[in-house]
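These are the residues of each chain, in order.
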Amino acid sequence: MNDANVNRAAQSFAPLTASAVLVNPVGLHARPSVKLTQLAKGFTAKIEIALAAEGPWTDAKSPVKVMRVKAPQGATLHFRVSGPDGEAALAAMLALVHDGFGEA
């Protein structure tokens, strides 16, 4: 795809943002990080996470990068998603966090 097509594709999907509070006892550490990245990889959308609404943003599809976030229980995890399945991806990410990654 040439640069013009890439720019057009990126512009057609405005970024969606939302946040959720980490309720699971260990926060965003190894096991929850892997669950989050596995879920994120199931979508074509670009999915990023941050501990602040202004960033810095981390690629949610990279297990190593997500583990480096090390957010504790009670921290707010911000999501920024863009792509053709962005709405579904954002809903799935929020549901995973609200569910405590199946650990709460």
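Below is a summary of the structure that appears in this document. A quick note: this is a predicted structure, and the numbers were derived from the prediction, not measured.

## A word on the sheet that holds strand S3 (residues 58–59)
The 4 strands lie next to each other as S1-S4-S2-S3, forming an open sheet whose pairing is antiparallel. Each end of this open sheet is capped by a strand with a single partner; those strands are strand S1 (16–21) and S3. When strand S2 (residues 46–50) meets S3, the two strands line up antiparallel, connected through 2 bridges. What sits directly across from Ile49, in S3, is Thr58. Contacts from helix H4 (residues 86–98) reach S1, S2 and strand S4 (76–82) within the one sheet, and its direction differs from that of S1 by about 5 degrees.

## Some points on the packing of helix H2 (residues 30–40) against H4
Relative to each other, H2 and H4 sit at 160 degrees, their axes nearing to 10 Å. Classified by the angle their axes make, H2 and H4 are roughly antiparallel. Read as a crossing pair, H2 and H4 show a hand that is right-handed. The residues of H4 that touch H2, namely those facing Lys35, Leu36, Leu39 and Ala40, are Ala92, Met93 and Leu96. Grouping the constituent residues of the contact of H2 with H4 by class yields 6 nonpolar, no polar and 1 charged.

## Quick look at the pattern of salt bridges
Counted under the stated rule, the structure contains 3 salt bridges. Close ionic contact of Arg31 with Glu103 constitutes a salt bridge, the shortest N to O distance being 3.0 Å. Here the residue Arg31 occupies a position in helix H2, and Glu103 occupies one in the segment after H4, the gap between them amounting to 72 residues. Taking the relative accessible area as the measure of exposure, Glu103 reaches 24% and is therefore partly exposed.

Rules used throughout
- Residues numbered from 1 in each chain as written.
- Predicted model: local features only at pLDDT ≥ 70, side-chain atom pairs only at ≥ 80, totals over all residues.
- Heavy atoms only, no water.
- Pairing = 2+ DSSP bridges.
- Helix = DSSP H or I, 4+ residues; strand = E, 2+ residues; numbered from the N terminus.
- Contact = heavy atoms within 4.5 Å.
- Axes fitted to C-alpha atoms, helices over the stretch in contact; angles between N-to-C directions.
- Parallel < 35°, antiparallel > 145°, perpendicular 65-115°, else oblique.
- Left-handed = near helix turned anticlockwise from the far one by under 90°.
- Nonpolar A, V, L, I, M, F, W, Y, C, P; charged D, E, K, R; others polar.
- Salt bridge = Lys/Arg side-chain N within 4 Å of Asp/Glu carboxyl O.
- Buried < 20%, exposed > 50% of the residue type's maximum accessible area, 1.4 Å probe, protein only.

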